[in-house]
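# Chain and residue survey
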Amino acid sequence: MSLPFRHLTSASQLTPEVVQAIFRVADDMATIRKTQGRSRILADRVVALLFYEPSSRTMLSFQAAASRLGAGMIVAQGKEMSSMKKGESIEDTIRMVMGYADLIVMRHPESGAAERAASVSAVPFINAGDGGNEHPTQALLDLYTIWKEKGRLSNLHVAFACDPLHSRTIRSLARSLSHYPGNRFTFISPPSLRASPALLAELRGKGVVCTESSSLSDGTNADILYMNRLQEERFTDPGEFQRLRKEFILTAPMLSEKNVTIMDPLPRIDEIDPSVDALPNARYFAQAHNGIPIRMALLAMMLGKA
Ligand code: NCD
């Protein structure tokens, strides 16, 4: 199946048909990785990676995925990047870079930056995170992880903690899971970090039962407990971040006799005690590794090579 979109900016584009098609290619990519290490299907392509906001996993895994398919890469990283520093618009940067590369991956601190970039891009564009808004490729690898762990993407109870207000990974995963029947969500947070009423209304409008809680114990009987650090960079009051940062910490004793799968897009700050790492249901590092076949698949498909 060829993808029904040219640019990927939002998890709302990840319909079940699209997700299954990407998973099929991702499984092939995982095999390529295991058996040959790499292929050359993108040897005649150049991928641009523009990371205006810090990133480790997303940046490295896009680089690793592109390398494993033989693509050339041009990389620009940091807030101090000349175009941003000199006040160039996102649109003008994209107009320039699309003459240098065949596909653009961009992370940007502003919500809505991905839509603006995609609207002028003549080459396929992938949103690698735009402010507190969306992170659709993280949602894809999260879905792939859930699929591998649970064998289904429907009829799941998914608990999201700790910062549903600011977390783009929570927003994107919740949006993509809302395309499947029978899912219900529990959003766990301090009262000041609750999911936005607009997101809750959107999810409920799609038939998802959403409840809110301020206790982590409401997530330990779910099918999936999706943790994400407090998004310090999106707090307007640094004092509030300091007050709340140790409020929710998942520990091994809280999970004794529990089957819940623990996920986290990482980086982990305080939200998961290292005692949890040894439990068989702690899947956050496997989750990060799933980013490679997923991003290989996405690059190949968006460049018309798979
Ligand atoms: C996430 C992000 O950047 O939104 N990280 C990632 O891409 N794996 C989560 C986070 O930074 O907390």
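Residues numbered from 1 in each chain as written. Predicted model: local features only at pLDDT ≥ 70, side-chain atom pairs only at ≥ 80, totals over all residues. Heavy atoms only, no water.

## Concerning the sheet that holds strand β9 (residues 261-263)
The strand order across the open sheet built from 5 strands is β7-β6-β5-β8-β9, with neighbouring strands paired in parallel fashion. For this open sheet the edge positions go to β7 (209-213) and β9, each flanked by a neighbour on one side alone. Ignoring which end each strand starts from, the neighbouring axes of this sheet average 20° apart. Where strand β6 (residues 184-188) and β7 come together, 5 bridges link them in parallel fashion. Among the inter-strand pairings, arginine 184 is bridged to a residue of β7, identified as valine 209. Strands in contact with helix α6 (residues 136-150) are β8 (224-227) and β9; relative to β9, the strand with the most contacts, it is inclined by about 165°. Against the sheet, helix α7 (residues 168-177) contacts β5 (157-161), β6 and β8, and its axis sits at roughly 165° relative to β5. (Pairing = 2+ DSSP bridges. Helix = DSSP H or I, 4+ residues; strand = E, 2+ residues; numbered from the N terminus. Axes fitted to C-alpha atoms, helices over the stretch in contact; angles between N-to-C directions. Contact = heavy atoms within 4.5 Å.)

## Some points on the environment of methionine 301
When you line up the elements, methionine 301 lands in helix α11 (residues 291-302). In this structure, the C-alpha to C-alpha distance between methionine 301 and leucine 225, residues 76 residues apart in sequence, is 30 Å. Leave out the neighbours within four places in its chain, and methionine 301 touches Met1, Leu3, Ala21, Ile22, Val25 and Ala306.

## Let's talk about the site of the ligand
Of all residues adjacent to the ligand, which total 13 residues, the nearest are Thr58, His135, Arg168, Asn228 and Arg229. At 3.2 Å from a nitrogen atom of the ligand is found a side-chain nitrogen or oxygen belonging to glutamine 138. Note that an oxygen atom of the ligand is positioned 2.9 Å from one of the side-chain N or O atoms of asparagine 228. For the ligand, the accessible surface in isolation is 310 Å², of which the surrounding protein chains cover 95%. Broken down by class, the residue content of the shell around the ligand amounts to 3 nonpolar, 6 polar and 4 charged. (Near = heavy atom within 4 Å. Polar contact = N/O pair within 3.5 Å; in protein donor to acceptor, adjacent residues only side chain to side chain. Areas by Shrake-Rupley, 256 points an atom, 1.4 Å probe, with all protein chains shown as cover. Nonpolar A, V, L, I, M, F, W, Y, C, P; charged D, E, K, R; others polar.)

## A word on the pairing of β6
Among the 5 residues in β6, 4 count as buried, and that is most of the element. Pairing of β5 with β6 involves 5 bridges; the strand directions are parallel. By the bridge assignment, alanine 161 is partnered in β6 with isoleucine 188. Where the polypeptide runs from β5 across α7 and back to β6, its parallel neighbour, the crossover connection is right-handed. (Buried < 20%, exposed > 50% of the residue type's maximum accessible area, 1.4 Å probe, protein only. Right-handed = clockwise from strand over helix to strand, strands pointing away.)

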